[in-house]
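A structural walkthrough
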Amino acid sequence: MSTIDRRQFLQRMVIFSGGALATAALLSLLDWSKVESPQLPGDNATPTDNATPTDNTTPTDNTTPPDGTTPTDNTTPPDNTTPPDDTTAPAYLAVAHGSSPTTLVEKAIDALGGIGRFVKSGDDVIIKPNICVAGRTPQYAATTNPEVVAALVALCLGAGADRVRVMDHPFSGTAEEAYDTSGIAEAVEAAGGKMEVMASMKFQNTAIPNGKSITSCLLYRDILEADVLIDVPIAKHHSSPDAVLSLGMKNLLGVVENRSIYHTEMAERVTDLTSLVMPDLTVVDAIRILTDNGPTGGDLNDVKQMNTVIVSHDVVAADSYAATLFGKTAADLPIVRAGARRGLGTTRFSRITKIEA
């Protein structure tokens, strides 16, 4: 696996846009030899610890099934297998349930090996919650829980991060209004972090070397320059049938301008963006979930208290498990299916740590 840091890798990938070097670098960074043995959350199949994988190949977007038909997005996500579980290794995905959001974040990340696995001394960290709309206080479950975000800020600073910035690009109201109303600004500042308004001048045309539907985007420059990116979506309903739910991959639309273009061929375009941005850690806030009328909500009858946090280094895996909170699987979510089909993560895994805290 390459020893370059996240910032160096992403900068090199943009420089070699569209080239074989960029593709190779991306696959090297993802290190698919570490993806867990398969089990879809909610699957009745029982994983075994001594199964021998039969296919270690990386799924591609241009393979042709034996019958000669062209693969479609309705196919079952690929089965990304790995060697048998090492019970002493960190969890691939952790799910924590309990009454304190701060404790849930801390316990779940501990199960993954601790925050030091992701954040090193001197790192520049960006935390990307969902603060998409002004006018919604936390109880409406349209924006990420403030305590979840603050807990991450405190962990990163405790690991020695040089600075921790929190940001989003709302589509309703101003950033300042959304930051304040969501309760996130107050919580982040109390934890020692900094809220950053995403200035228009910092959105720059950036190549997407592995793009299929789009090959460039207007990306917030600092996203690529940061050492660590932590994606912190709230789990919620989305009215578009091309999304169904808004989770980790969908949450990354807050780092680009002109997000409306992503609502055409949404699954492929969100996957294109994810292939470029690729968060180091995904923390799904399911303290409260929005079960209908998303993404903005507005009716407390659509909110369900779940008191859950889901954490993984694999955004596709985190989204796949989050789907089960809504009675769905990855197969029901076009964006997640596309992410798995194109090798950005797995929808099937067995090493899940569940925590009652």
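Residues numbered from 1 in each chain as written. Predicted model: local features only at pLDDT ≥ 70, side-chain atom pairs only at ≥ 80, totals over all residues. Heavy atoms only, no water.

What follows is about the overall build of the protein chain. Regarding its fold elements, the protein chain presents eleven helices and twelve strands. Within the span of the protein chain, comprising 357 residues, buried residues form 54% of the whole. Surface summary for the protein chain: the accessible area is close to 14300 Å², and the carbon and sulfur share equals 48%. (Helix = DSSP H or I, 4+ residues; strand = E, 2+ residues; numbered from the N terminus. Buried < 20%, exposed > 50% of the residue type's maximum accessible area, 1.4 Å probe, protein only. Areas by Shrake-Rupley, 256 points an atom, 1.4 Å probe, with all protein chains shown as cover.)

Tallied over the entire structure, the rule returns twelve salt bridges. For Asp222, the salt bridge goes to Arg165, with nearest N and O atoms at 2.7 Å. A residue pair is termed long-range when its members are at least 10 positions apart, and Asp222 in helix 7 (residues 221-225) and Arg165 in strand 3 (residues 163-166) qualify at 57 residues. Across this residue pair, the class does not change: Asp222 and Arg165 are buried. Its salt-bridge partner being Glu196, residue Lys202 comes within 3.9 Å of it at the nearest N-O pair. Its relative accessible area of 10% is what places Glu196 among the buried residues. (Salt bridge = Lys/Arg side-chain N within 4 Å of Asp/Glu carboxyl O.)

Next up on the list: helix 11 (residues 334-341). With respect to burial, helix 11 is a largely interior element, eight of its eight residues being buried. Every buried residue belonging to helix 11 is among Pro334, Ile335, Val336, Arg337, Ala338, Gly339, Ala340 and Arg341, and all of these are buried. Looking at the buried side of helix 11, the elements it contacts are helix 8 (248-251), helix 9 (266-277) and helix 10 (315-323). Two residues or fewer past helix 11, Gly343 is found with a positive phi of approximately 80 degrees. (Contact = heavy atoms within 4.5 Å.)

There is a patch of like negative charges on the surface, built from Glu176, Glu177, Asp180, Glu186 and Glu189. Those elements that provide at least two residues to the negative patch are helix 5 (175-181) and helix 6 (184-191). Broken down by element, the negative patch gets its largest block of residues, three residues, from helix 5. Structurally, Glu176 can be placed in helix 5. (Patch = residues over 30% accessible without salt bridge, like charges linked within 9 Å, V, L, I, M, F, W, Y side chains within 5 Å. Lys, Arg positive; Asp, Glu negative; His and termini not counted. Charge placed at Lys NZ, Arg CZ, Asp CG, Glu CD.)

Let's shift gears to the confidence of the model for the protein chain. In this model, the protein chain carries a mean pLDDT of 83, and residues with pLDDT of at least 70 account for 75%. A low-confidence stretch, residues 12-72 stays under pLDDT 50, and its non-local contacts, those more than four residues away or across chains, total 108 contacts. (pLDDT = per-residue confidence, 0-100.)

Here we come to the pairing of strand 11 (residues 303-312). Bridge analysis of strand 1 (residues 93-97) against strand 11 gives five bridges, and the strand direction is antiparallel. Paired with Ala94 across the bridge in strand 11 is Val311. Alignment of strand 10 (residues 281-290) against strand 11, held across eight bridges, turns out to be antiparallel. Across the sheet, the residue bridging to Arg288 is Gln305, located in strand 11. (Pairing = 2+ DSSP bridges.)

To continue, consider the packing of aromatic side chains. By the definition in use, this model includes one aromatic pair. Over the aromatic face of Tyr140 sits the side chain of Arg136, whose NZ or CZ is 6.0 Å from the ring centroid. (Phe/Tyr/Trp six-rings, centres within 6.5 Å; stacked < 30°, edge-to-face > 60°. Lys NZ or Arg CZ within 6 Å of the ring centre and 35° of its normal.)

Moving on: helix 6. Of the positions making up helix 6, those classed as buried are Ile184, Ala185, Ala187 and Val188. Viewed end-on, helix 6 has its buried residues packed into an arc of 165 degrees, placing them on one side of the element. Set apart from the buried face of helix 6 by more than 90 degrees, the exposed residues are Glu186, Glu189 and Ala190. Along its buried surface, helix 6 packs onto strand 2 (124-129), helix 4 (146-158), strand 3, helix 5 and strand 4 (194-195). Note on helix 6: the residue one or two positions beyond its end, Gly192, has a positive phi of about 100 degrees. (Arc of directions from axis to C-beta.)

So, on to the nonpolar core. If you look at the biggest cluster of nonpolar residues, it comprises 98 residues, and the most contacted ones within it are Val125, Ile127, Leu219, Ile230, Leu273, Val283 and Ile310. Those residues within four positions of Ile127 in sequence are excluded, and the remaining contacts are Val149, Leu152, Val153, Val164, Arg165, Val166, Met167, Ile230 and Val232. (Core = buried A, V, L, I, M, F, W, Y, C linked by side-chain atoms within 4.5 Å.)

By secondary structure assignment, the location of His237 is in strand 8 (residues 234-237). Residue class for His237 comes out buried when judged on its relative accessible area of 18%. At 2.9 Å, the side chain of His237 and the backbone nitrogen of Gly294 are in polar contact. Setting aside anything within four residues of it in sequence, one finds His237 in contact with Val244, Leu245, Ser246, Leu290, Thr291, Asp292, Asn293, Gly294, Pro295 and Phe326. (Polar contact = N/O pair within 3.5 Å; in protein donor to acceptor, adjacent residues only side chain to side chain.)

Take the packing of helix 4 against helix 6 next. Between helix 4 and helix 6, the shortest axis-to-axis distance is 8 Å and the interhelical angle comes to 20 degrees. When the axes of helix 4 and helix 6 are compared, the pair comes out roughly parallel. Seen along the crossing, helix 4 lies across helix 6 with a hand that is right-handed. Here Pro146, Val149, Ala150, Val153, Ala154 and Leu157 of helix 4 come into contact with helix 6, specifically with Ile184, Ala187, Val188 and Ala191. Within the contact of helix 4 with helix 6, the residues separate by chemical class into ten nonpolar, no polar and no charged. (Axes fitted to C-alpha atoms, helices over the stretch in contact; angles between N-to-C directions. Parallel < 35°, antiparallel > 145°, perpendicular 65-115°, else oblique. Left-handed = near helix turned anticlockwise from the far one by under 90°. Nonpolar A, V, L, I, M, F, W, Y, C, P; charged D, E, K, R; others polar.)

Let us now look at the packing of helix 9 against helix 11. Packing of helix 9 against helix 11 brings their axes to within 8 Å, and their N-to-C directions diverge by 50 degrees. Taken together, the axes of helix 9 and helix 11 lie oblique to each other. For helix 9 against helix 11, the interelement crossing comes out right-handed. Within the contact between the two elements, helix 9 uses Met266, Ala267, Glu268, Val270 and Thr271 and helix 11 uses Pro334, Ile335, Ala338, Gly339 and Arg341. A per-class count over the contact of helix 9 with helix 11 returns six nonpolar, two polar and two charged.

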